[in-house]
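# A closer look at the structure
Each chain, written out:
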Amino acid sequence: MVVIRKAGDSVKIKISLQGTGYMGRKILLDKIGVEKIRYYDAYRREGGYRSVEKALKMTPGEIVDEVKKSGLRGRGGAGFPTGMKWSFLAKPEGIPRYLVVNADESEPGTFKDRYLMEFIPHLLIEGMIVSSFALGSNRSYIYIRGEYSWIVDILEQAIAEAKNNGFLGKNIAGSGFDCEIYVQRGAGAYICGEETALLESLEGKRGNPRIKPPFPAVKGLWDCPTVVNNVETIAAVVPIINEGGDEYAKIGVGKSTGTKLISACGNIKKPGVFEIDMTISVEEFIYSDEYCGGIANGKRLKACIPGGSSVPILPANLLLKTAKGDTRIMNYESLSDGGFATGSMMGSGGFIVLDEDQCVVKHTYTLARFYRHESCGQCSPCREGTGWMEKLLLRLDKGLGKISDIDLLWDIQRKIEGNTICPLGDAAAWPVAAAIRHFRDEFEWHVLNPDECTRRNYGLAHYAEALPAVTA
Ligand SMILES: Cc1cc2nc3c(=O)[nH]c(=O)nc-3n(C[C@H](O)[C@H](O)[C@H](O)COP(=O)(O)O)c2cc1C
Ligand code: SF4
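Residues numbered from 1 in each chain as written. Chains lettered and ligands numbered in written order. Predicted model: local features only at pLDDT ≥ 70, side-chain atom pairs only at ≥ 80, totals over all residues. Heavy atoms only, no water.

## Some words on the site of ligand 1
Note the threshold: Think of it this way: one heavy atom of a residue within 4 Å of a molecule or strand is enough to make that residue near it. Polar contact is the term for a pair of N or O atoms within 3.5 Å; when the atoms are in protein, one must be able to donate a hydrogen and the other to accept it, and sequence-neighboring residues count only if both atoms are side-chain atoms. A 1.4 Å probe and the Shrake-Rupley method give the accessible areas. Residues count as covered only by the protein chains that appear here. Here a cavity is any set of points on a 1 Å grid over the protein atoms alone where a 1.4 Å probe fits but cannot get out, and a pocket is any open set with protein on both sides within 12 Å along at least 5 of 7 lines; a residue lines the site when it has an atom within 4 Å of a point. Grid points define the cavity or pocket, and a molecule sits in it when more than half of its atoms lie within 2 Å of them. Asp, Glu, Lys and Arg are counted as charged, while Ala, Val, Leu, Ile, Met, Phe, Trp, Tyr, Cys and Pro are counted as nonpolar; the rest, among them Gly, fall into the polar class.
Ligand 1 sits among 18 residues. The nearest are Gly-76, Glu-105, Asn-229, Asn-230 and Thr-233. Between an oxygen atom of ligand 1 and a main-chain N or O atom of Gly-76, the distance comes to 2.7 Å. Out of a free accessible area of 610 Å², ligand 1 has 89% covered by protein chains. According to the grid-proximity analysis, the pocket containing ligand 1 is the largest pocket. When grouped by side-chain class, the residues that make up the shell around ligand 1 number 4 nonpolar, 8 polar and 6 charged.

## Things to note about the packing of aromatic side chains
How we decide: Note on aromatic pairs: the rings of Phe, Tyr and Trp (six-membered ring only in Trp) are paired at centre separations within 6.5 Å, and the planes decide the class, stacked below 30 degrees, edge-to-face beyond 60, tilted for the rest. A simple rule labels every residue: compare its accessible area, found with a 1.4 Å probe on the protein chains alone, to the largest value its type can have, and call it buried under 20%, exposed over 50%, or partly exposed in between. Segments assigned H or I by DSSP are reported as helices when at least four residues long, segments assigned E as strands when at least two residues long, and all are numbered from the N terminus. Lysine and arginine charges are scored as sitting over a ring when NZ or CZ, respectively, is within 6 Å of the ring centre and within 35 degrees of the ring normal.
Summed over the entire model, instances satisfying the criterion amount to 20 aromatic pairs. Judged by centre distance (5.7 Å) and plane angle (35°), the rings of Tyr-40 and Tyr-49 are tilted. Accessibility expressed as a relative area gives 0% for Tyr-49, which makes it buried. Arranged with centres 5.0 Å apart and planes meeting at 85°, the rings of Phe-285 and Phe-351 form a pair that is edge-to-face. One end of the pair, Phe-285, is in helix H11 (residues 282-287); the other, Phe-351, is in strand S11 (residues 350-355), with 66 residues separating them in the sequence. This pair shows no difference in class: Phe-285 is buried, exactly as Phe-351 is. Here the aromatic cluster, defined as three or more aromatic residues joined through ring pairs, consists of Tyr-40, Tyr-43, Tyr-49 and Phe-167. The ring of Tyr-332 carries Arg-73 above its face, with NZ or CZ at 4.2 Å from the centroid.

## Some thoughts on the confidence of the model for the protein chain
Stated precisely, the cut-off is as follows: Here pLDDT means the predictor's own confidence in every residue, given as a number from 0 to 100. Contact criterion: two residues are considered in contact whenever any of their non-hydrogen atoms come within 4.5 Å of each other.
Residue-level pLDDT values for the protein chain average 91, and 91% of them are 70 or greater. A low-confidence stretch, residues 1-23 stays under pLDDT 50, and its non-local contacts, those more than four residues away or across chains, total 55 contacts. Here residues 461-472 scores under 50 on pLDDT; set against residues more than four positions off or in separate chains, the count is 22 contacts.

## Description of the site of ligand 2
The environment of ligand 2 is made up of 13 residues, and the closest members are Cys-376, Cys-379, Cys-382, Thr-420 and Cys-422. Cavity membership is defined here by more than half of the atoms lying within 2 Å of grid points; on that basis ligand 2 lies in the largest cavity. Taken together, the residues of the shell around ligand 2 break down into 8 nonpolar, 5 polar and no charged.

## Overview of the pattern of salt bridges
Defined as follows: For this analysis, a salt bridge means a side-chain nitrogen from Lys or Arg found within 4 Å of a carboxyl oxygen belonging to Asp or Glu.
By the definition in use, this model includes 29 salt bridges. Taking the shortest distance from any N to any O, the salt bridge between Lys-69 and Glu-66 comes out at 3.0 Å. Taken together, the positions of Lys-69 and Glu-66, both in helix H3 (residues 60-70) and 3 residues apart, correspond to about one turn of that helix. When its relative accessible area of 40% is taken as the criterion, Lys-69 is described as partly exposed. Relative accessible area serves as the criterion here: at 17%, Glu-66 is assigned to the buried category.

Structure (structure tokens):
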């Protein structure tokens, strides 16, 4: 059953669990099962590049208007309205403008862009041609995570095919519009996903974030006006132009229009990438056979990080329902309902599920280690604070910590948040804050049971016991 709601409709939740055949609405991955869809011929046969033909008969302003009408929000993490971002692009005479696609995707738990680029690369290329035309970019870039080496080959082949068929290069489809797309590999640094660090790296420098303002829309790549957008954001431009912004906006609810790719992993039966329309409940997403298939190995749900490693972890009770008792929905507004006190964020859609056996302290330590390693070191609170948090968490995890260490951790994360050049500092602080906020007694258990820390599985079953009964 497909449930499509108009933006602004009240949210009435239809819980369709296993076996009821909920199919959702797919507009990005709908063709993914078509044989050889990775290649131009099959992609074109399935209606590929229609949006380019249509867009080239529109004015750039009309395309931007369609994207605005669609309500599309950036899929890279912050959820900023794409049409608005595009309209901020400065247009001084005689200076090139650039579109840069952010394919760095290094946030732990997030692997949706990889899937899209690997299996349906022409969707990204098509979206880039339309977006480049709308933004006036004659040279556009894909900045891709270095570890995705095989996808570089896939993208370059798709670009060559598009060019051979007249959709890239000079005078595309007789429109007078010229466009080339280049793929640039990063060297495997998470910080290069931050848009200004990415631009530095693309210019051949060390990937250090820039101080904003100026924003890339005014001074971006080689000091020229630049739009940086996520892979999924740009791919979504294709159905928006094909069907119109208003039609796109009918999918989803409120300010969460369209579909969202979610990469789900952790202790679930069916890890993978799913395209959801943003009206389904978190409960349905976890337990329905259509999506994650429930918790693996007969275990119970303990917690979840719903939007990539940097967003706050939620214990199961606050994940399935908001603090007000409303059903939690897989969309921007509902996942953040309650703020950081009782909510989290949609983020980049990296959905990491923890079962009752998982140790939140150990898990938080693992994340802290990652952020310490990835800090570029420009700001003291991030450079020093991430290292201190890692050390304290390791001590607590090993049963060598003190109760005062928990308070110290809290204090350090507070002093990082909001005090750094780029949001990596916040991204390092939020997981620690949320873990202490929701699982403080698990941290205390580690202090009070030092011997057990080193020899048992650390899951504190009382979190699972406190959950409402869930039927799969
Ligand atoms: C440390 C850090 C890493 C990031 N990594 C990515 C990434 O891998 N992909 C991405 O699209 N955005 C990433 N972002 C967000 C980008 O800075 C930027 O907001 C985004 O690419 C804009 O695209 P959107 O508006 O389409 O979401 C990251 C931000 C930070 C602070
Ligand atoms: S917050 Fe961290 S990663 Fe970002 S600029 Fe400062 S030191 Fe570098």
